[in-house]
Amino acid sequence: MSFGDWLGRVFGREPEPEQPRLELPKVKTSAELLDELAAFEQEIADRVPTMVLSRVARVASIVRDTIPRLDQLGAGSYQAHTVVATATSYLPEAVGGYLRLPRSWADTRPIANGKTALLLLCDQLDLLAYKMDQILDAVVRADAAALIAHGQFLAEKFGAGTGLEIGQINAPPQPGQAPPPLSGVPPRTAPSADQRAPSIELEDEPTDPGRTPPVRRLEPPTGAA
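What you see is a predicted model; the values in this text were computed from it and never measured.

> What is the right way to look at the side chain of Thr82 in this model?
The topology assignment puts Thr82 in helix H5 (residues 78-99). The class of Thr82 is buried, set by a relative accessible area of 6%. Apart from residues no more than four positions distant in its own chain, Thr82 is found in contact with Tyr90, Lys131, Met132 and Ile135.

> Help me understand the environment of Ile111 in this model?
Note that Ile111 resides in strand S1 (residues 110-112). Take Ile111: its relative accessible area is 43%, and that puts it in the partly exposed class.

> What is the right way to read the nonpolar core from this model?
The nonpolar side chains of soluble globular proteins are, as a tendency, buried together. Core analysis: the largest hydrophobic core is formed by 33 residues, its most contacted members being Val52, Val56, Val63, Leu91, Val95 and Leu125. Of all the secondary-structure elements, those providing two or more residues to this core are helix H2 (30-44), helix H3 (50-66), helix H4 (70-73), H5 and helix H7 (117-158). It is H7 that provides the largest number of residues to this core, a total of 11 residues. Contact partners of Val95, with chain neighbours within four places excluded, come to Phe40, Ile44, Val48, Val56, Leu121 and Leu125.

> Hey, could you run me through the packing of H2 against H3 in this one?
For any two helices packed against each other, one specifies the inter-axial angle together with the distance between the axes. At their nearest, the axes of H2 and H3 sit 11 Å apart, and the two run at 170° to each other. Between H2 and H3, the angle falls in the class roughly antiparallel. Between H2 and H3, the residues in contact are Leu34, Leu37, Ala38, Phe40, Glu41 and Ile44 and Leu53, Val56, Ala57, Ala60, Val63 and Arg64, respectively. Residue composition of the contact of H2 with H3, grouped by class: 10 nonpolar, no polar and two charged.

> Can you help me understand the pattern of salt bridges in this one?
Charged atoms that come close allow side chains of opposite charge to pair. Taken as a whole and assessed by the stated rule, the structure comprises six salt bridges. For the salt bridge of Glu43 with Arg47, the shortest nitrogen-to-oxygen distance reads 3.8 Å. The shortest N-O distance in the salt bridge between Arg55 and Asp126 comes to 3.0 Å. In this pair, Arg55 is assigned in helix H3 and Asp126 in helix H7, connecting sequence segments 71 residues apart. The partly exposed category is assigned to Arg55, whose relative accessible area is 24%. Under the relative-accessibility criterion, Asp126 is labelled partly exposed at 30%.

> When you look at unusual backbone geometry in this model, what are you seeing that I'm missing?
Residues apart from glycine generally show negative phi values, whereas peptide bonds are mostly found in trans. At Asn113, a position not held by glycine, the phi torsion is positive, near 55°. As for its placement among the helices and strands, Asn113 is situated in the loop between S1 and strand S2 (115-116). Exposure remark for Asn113: the relative accessible area of 80% places this residue in the exposed category.

The rules behind the values
Residues numbered from 1 in each chain as written. Predicted model: local features only at pLDDT ≥ 70, side-chain atom pairs only at ≥ 80, totals over all residues. Heavy atoms only, no water. Helix = DSSP H or I, 4+ residues; strand = E, 2+ residues; numbered from the N terminus. Buried < 20%, exposed > 50% of the residue type's maximum accessible area, 1.4 Å probe, protein only. Contact = heavy atoms within 4.5 Å. Core = buried A, V, L, I, M, F, W, Y, C linked by side-chain atoms within 4.5 Å. Axes fitted to C-alpha atoms, helices over the stretch in contact; angles between N-to-C directions. Parallel < 35°, antiparallel > 145°, perpendicular 65-115°, else oblique. Nonpolar A, V, L, I, M, F, W, Y, C, P; charged D, E, K, R; others polar. Salt bridge = Lys/Arg side-chain N within 4 Å of Asp/Glu carboxyl O.

None of this, on its own, says anything about what the molecule does.
Structural data, given as C-alpha cells:
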C-alpha cells in the first residue's frame, strides 16, 4: 500500500483505480516469420488448386528473400510492415477466405465482375507478388548502389595515377601458369619473308659427263655492303 492510499483510507477516500498498462505485441524474429510461412504452405498444400498453390509459392519465395533484409528497410518503415503483414496476415487471410467456401461453389460460381472466388483469389495473390517484388527490387538496388559506391572509392584511392579502373585489373597468375603479357609490349611474331636468312641458289648440275661443273655462287644477303 502506498502512502497516498493510506491517507485516503484515513480520511475516508477510496484509492484511485490503477490505469491499465499498455502491452505492445511481441515483435516476431526473422526465423519465426520464416517458420510461420513454411507452416502455412504445408497446411494448404493439399487443400487448394495448383494455380493457387503456385501463386502462394511465388509470394512466399519473394517474402523469404526480403525478410533477412528487413533491417535495411527500417523497423518502422511502411515497406517492412508490408512484408511482415503479407507473411502473417494478407497471404493467410486471402487463402483462408477461399477455403471457407465450398470447393465446387468457389470454383464455378461467379461472384464479382463475372469472376469466381478462385479467380478473385488468383488476382489477389498476383497483386501481393507484384508488391513484394517491388519491395525486394528496391532493397537489392540499394545494395547494388552501395557496391558501385565502394568501387568508386577504391578507384579513387588506389587507381589514381595508374590509369587502371575497376574491371581493367588482371588477376595474378596461379602457380604453374605463365604470367600474362605486359601491356604495351607487342607479341613476338614469326619473321617475314624479307627478314629470313638468304637462300642459296645452285645452278643445275651438268648432264654431259665431259663438261666441267659450273662454279657455285653464293648471293650476298639483301642490303649487305
